[in-house]
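Here is what each chain is made of, one letter per residue.
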Amino acid sequence: MSPTRRLAPRSEKSLLTPDNCAVVFIDIQPQMIFGVASHDRQSIINNNLVLAKAARIFGVPLILSTVESRAFSGNLLPQLQAIDPAQAPIERSSMNSWDDTNFVAAVKKTGRRHIVVAGLWTETCVALPTIQMIHDGYTVYVAEDCCGDVSLLAHDNSMKRVVQAGARPVTALSVLLEWQRDWAHKETYEAVMDLVKTHCGAYGVGVEYAYTMVHGAAPTAVAPYALVETA
């Protein structure tokens, strides 16, 4: 889990804050990604990285979980694991993570009652635990652009189902900006801008343009590409 950090207070009033929520990533694994046909797979990967890096920036508890890694699904996406390398994903056999006692215990351990959910596929690994978490008194926010399914119909029907159950749809970027809330919060400003420039497409390009062309800042320093040599 991500360590908590001291930040300027945000007003809650039914909004997400770094102090009131946790983020769970469910089954972001190769076989699950292979099966996605509802959305662009690379975009789903990118959006999960945005959400995970945002959790690290704001010190929001982050939980990783996988299903049947050896028998079917493969390891957690390496890029996602690298964001919290010390955390071992909670391995499950159940499609519904809320049936897994270790997963439930990890969520309870955070002490947070607002849970942001990202996962594959939407109709099972996201919808089932979301509905049951809501039943158990949690407020659940489904990061829709971090999810995907075997068809657009399956994804859309699943989102309708979780919304009807009381879930609140969000996106990775909307969560990031909801946590930041005020550009005067300088303790996270630079990290947020770096994340936006790296992962957020036209928004990030616009930030880079404004910094350099309007404000006269130097171009963002990017590490030179290092060619991987064949052994």
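The rules behind these values
Residues numbered from 1 in each chain as written. Predicted model: local features only at pLDDT ≥ 70, side-chain atom pairs only at ≥ 80, totals over all residues. Heavy atoms only, no water. Pairing = 2+ DSSP bridges. Helix = DSSP H or I, 4+ residues; strand = E, 2+ residues; numbered from the N terminus. Axes fitted to C-alpha atoms, helices over the stretch in contact; angles between N-to-C directions. Salt bridge = Lys/Arg side-chain N within 4 Å of Asp/Glu carboxyl O. Buried < 20%, exposed > 50% of the residue type's maximum accessible area, 1.4 Å probe, protein only. Contact = heavy atoms within 4.5 Å. Disulfide = S-S within 2.5 Å. Phe/Tyr/Trp six-rings, centres within 6.5 Å; stacked < 30°, edge-to-face > 60°.

Trainee: Just checking my understanding: could you explain the sheet that holds strand β1 (residues 21–26) for this structure?
Mentor: Note on sheets: strands pair through backbone hydrogen bonds, and any given pair is parallel or antiparallel. Taking strand neighbours across the sheet as the criterion, the 6 strands line up as β3-β2-β1-β4-β5-β6 in an open arrangement whose pairing is parallel. Here the strands that pair on one side only, and so sit at the sheet edges, are β3 (90–92) and β6 (168–170). When strand polarity is set aside, the average angle formed by the axes of neighbouring strands in this sheet is 25 degrees. Pairing between strand β5 (residues 139–143) and β6: 3 bridges, direction parallel. Bridge pairing in β6 places Ala143 opposite Val170.

Trainee: When you look at the pattern of salt bridges in this model, what are you seeing that I'm missing?
Mentor: Any two side chains of opposite charge can pair, so long as their charged atoms come close to each other. Applying the stated criterion across every chain, the model contains 3 salt bridges. The closest approach of N and O atoms between Arg92 and Asp27, which form a salt bridge, is 2.9 Å. Of this pair, Arg92 sits in strand β3 while Asp27 sits in the loop between β1 and α1 (30–34), placing them 65 residues apart in sequence. Accessibility assignment for this pair places Arg92 and Asp27 in one class, buried. In this structure, the salt-bridge partner of Glu208 is Lys197, at a minimum N-O distance of 3.9 Å. Of this pair, Glu208 sits in helix α10 (residues 201–214) while Lys197 is found in helix α9 (residues 186–199), placing the two residues 11 residues apart along the sequence. We classify Lys197 as partly exposed; its relative accessible area is 25%.

Trainee: Hey, could you run me through the side chain of Thr212 in this one?
Mentor: With respect to the helices and strands, the residue Thr212 is situated in helix α10. Overall, the relative accessible area of 16% leaves Thr212 in the buried class. Here Thr212 is in contact with Ala217, Ala218 and Pro219, once residues within four sequence places are set aside.

Trainee: Looking at this structure, how should I read the state of the cysteines?
Mentor: Two cysteines, two sulfur atoms, one covalent bond between them: this is a disulfide. Applying the stated criterion across every chain, the model contains 0 disulfides. No disulfide involves Cys21; its sulfur sits 13 Å from that of Cys146, the nearest cysteine. Not part of a disulfide, Cys146 finds its nearest cysteine sulfur in Cys147, a span of 6.4 Å. Relative accessible area serves as the criterion here: at 0%, Cys146 is assigned to the buried category.

Trainee: Even after reading the chapter, I still don't get the packing of aromatic side chains, so can you show me in this structure?
Mentor: Aromatic ring pairs are reported here in terms of the distance separating the ring centres and the angle at which the planes meet. Under the definition given, this model contains 4 aromatic pairs. Ring geometry for Phe58 and Trp179: centres 5.8 Å apart, planes at 55 degrees, overall tilted. Highlighted residues: Phe58 in helix α2 (residues 41–58) and Trp179 in helix α8 (residues 172–180), separated in sequence by 121 residues. Trp179 shares its class with Phe58; the two are buried. Consider the rings of Trp183 and Tyr189, whose centres lie 5.8 Å apart with planes at 90 degrees: the pair is edge-to-face. By the ring-pair criterion, three or more aromatic residues cluster together here, those being Trp98, Phe103 and Tyr138.

Trainee: Got a minute to help me understand the side chain of Thr17 in this structure?
Mentor: On the secondary structure map, Thr17 appears in the segment before β1. According to the relative accessible area criterion, Thr17 is buried, its value standing at 5%. Residue contacts for Thr17: discarding those within four places in its chain leaves Arg10, Ser11, Glu12, Trp179 and Arg181.

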